[in-house]
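Spelled out, the chains give:
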Amino acid sequence: MLKFLTRQTVTGLAAPRPPVIRPTITGLSLAFATVASLLTATLAFSGAANAQQIDRPNAAGPLHSVWVYKLLCYDPMPDETKVEAMATQFGFRPITGAALKGFAPPAPTTYLKAWEVDDHQRTFKTAISKSKIDEGTAATFPNFANGTSIGCTVVLPAKDDPKAVLASMTQLTQRKPDETYPAGPFTVSSWTGTTDTNVFLVYHYAPSNGKPGGLLSLVTLSK
């Protein structure tokens, strides 16, 4: 259970907005796997405006799913050690072996860990990976070409209406998506923000057929 993990505040997304990277995926496992390279990222950086407070909901639902994403990705990234500390303290179940490899991005990683996380009688899967910035991303963000990409994704239980999850993400980010577009079996909503030292890319992958499920992803590019 995560009931003691109650970070209250997350900062909203700041301008300016660079071009949005459109990752290509062909299924949920690939979506999780591409997280660190092209997928993308978080809005929680210092100096951002329009801080949004989201308390842990008392019951499962779309806002709770977004709160879990906020807790595991949006707030702590790009510091993966904070998630490791939570995993140790609260007993997240490590994902290992072939299952862990399924979460690896195309680029060679220097860090890859994943866990199953239970809260409100639901199970979420979260994965974090670290790698060099790939060529496609470097072409879009040349100032970060020699930097590091840290990806964090939460795979959502197949319980919530994707439209309701998107509404909760709009509440978290304090603005509508910068762009929405099809990507294989998903409809992707994306938000982008920058600082002098980071690019933050946030994605909501909603099943295009309208069924519950999908994932929330964050990739942070650092110089």
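Refer to the structure presented above.
A.B. asks: Where do I start with the overall build of the protein chain in this structure?
C.D. replies: Secondary structure summary: the protein chain contains seven helices and ten strands in total. Burial status across the protein chain gives 56% buried among its 223 residues. Considering only contacts in the protein chain between residues 6 or more positions apart, those separated by 24 or more positions represent 69%. Surface summary for the protein chain: the accessible area is close to 9500 Å², and the carbon and sulfur share equals 53%.

A.B. asks: Help me understand the packing of aromatic side chains in this model?
C.D. replies: Each pair of aromatic rings is reported with the distance of its centres and the angle of its planes. A complete count under the given rule lists three aromatic pairs for this structure. Ring geometry for tyrosine 69 against tyrosine 74: centres 6.2 Å apart, planes inclined by 65 degrees, an arrangement best described as edge-to-face. Judged by relative accessible area, which is 0%, tyrosine 69 ranks as buried. What makes tyrosine 74 buried here is its relative accessible area of 0%. Note on tyrosine 203 and tyrosine 205: the rings are 6.0 Å apart at their centroids and 35 degrees apart in plane angle, and the pair reads as tilted. Grouping aromatic residues by their ring pairs yields a cluster made of Phe186, Tyr203 and Tyr205.

A.B. asks: Help me understand the state of the cysteines, please; the structure alone is not making it clear to me.
C.D. replies: According to the stated counting rule, one finds one disulfide in the structure shown. Shown here is the disulfide that connects cysteine 73 with cysteine 152, its sulfur atoms set 2.0 Å apart. Across the S-S bond linking cysteine 73 and cysteine 152, the dihedral sits near -70 degrees, which makes this disulfide left-handed. Here cysteine 73 is found in helix H3 (residues 62-74), whereas its partner cysteine 152 is found in strand S6 (residues 148-155), with 79 residues between them in sequence. Owing to a relative accessible area of 0%, cysteine 73 belongs among the buried residues under this scheme. By relative accessible area, which is 0% here, cysteine 152 ends up buried.

A.B. asks: Quick question: what am I supposed to make of the layout of surface pockets here?
C.D. replies: To locate leftover empty space, one rolls a probe as large as a water molecule over the atoms. Each pocket or cavity is described by its volume, and for the largest pocket that value is around 160 Å³. In terms of lining, the largest pocket is formed by Asp161, Pro162, Lys163, Leu166, Thr180, Thr187, Ser189, His204, Ala206, Pro207, Ser208 and Gly210. Of all elements in the fold, only helix H7 (162-173), strand S8 (186-194) and strand S9 (198-207) reach the threshold of two or more residues within the lining of the largest pocket. Residue composition of the lining of the largest pocket, grouped by class: four nonpolar, six polar and two charged.

A.B. asks: Help me understand the nonpolar core, please; the structure alone is not making it clear to me.
C.D. replies: The nonpolar side chains of a soluble globular protein tend to be buried with one another. Residues Tyr69, Leu72, Phe92, Trp115, Ile128 and Met169 are the most contacted members of the largest nonpolar core, which totals 31 residues. Residue assignment for this core shows that the elements contributing at least two residues are H3, helix H4 (80-90), strand S4 (109-119), strand S5 (122-132), S6, H7 and strand S10 (215-222). Setting aside residues up to four positions removed in sequence, isoleucine 128 forms contacts with Met77, Glu80, Val83, Tyr111, Leu112, Lys113, Trp115, Ile150, Gly151 and Cys152. Counting 15 residues, the second largest nonpolar core, distinct from the first, contains Phe141, Phe144, Val199 and Tyr203.

A.B. asks: Before we go on, may I ask you to explain the pairing of S9 in this structure?
C.D. replies: It is a general feature of regular strands that their side chains alternate between the two faces of the sheet. Among the ten residues in S9, ten count as buried, and that is most of the element. Neither face of S9 is exposed, since Asn198, Phe200, Val202, His204 and Ala206 on one face and Val199, Leu201, Tyr203, Tyr205 and Pro207 on the opposite face are all buried. Count of turn residues in the S8/S9 antiparallel hairpin: three residues. Bridge analysis of S9 against S10 gives eight bridges, and the strand direction is antiparallel. Bridged to asparagine 198 within S10 is serine 222.

Criteria and cut-off values
Residues numbered from 1 in each chain as written. Predicted model: local features only at pLDDT ≥ 70, side-chain atom pairs only at ≥ 80, totals over all residues. Heavy atoms only, no water. Helix = DSSP H or I, 4+ residues; strand = E, 2+ residues; numbered from the N terminus. Buried < 20%, exposed > 50% of the residue type's maximum accessible area, 1.4 Å probe, protein only. Contact = heavy atoms within 4.5 Å. Areas by Shrake-Rupley, 256 points an atom, 1.4 Å probe, with all protein chains shown as cover. Phe/Tyr/Trp six-rings, centres within 6.5 Å; stacked < 30°, edge-to-face > 60°. Disulfide = S-S within 2.5 Å. 1 Å grid on protein atoms, 1.4 Å probe; cavity = no way out; pocket = protein on both sides within 12 Å on 5 of 7 lines; lining within 4 Å. Points joined across faces, edges and corners; volume = space filled by probe spheres on them. Nonpolar A, V, L, I, M, F, W, Y, C, P; charged D, E, K, R; others polar. Core = buried A, V, L, I, M, F, W, Y, C linked by side-chain atoms within 4.5 Å. Pairing = 2+ DSSP bridges.

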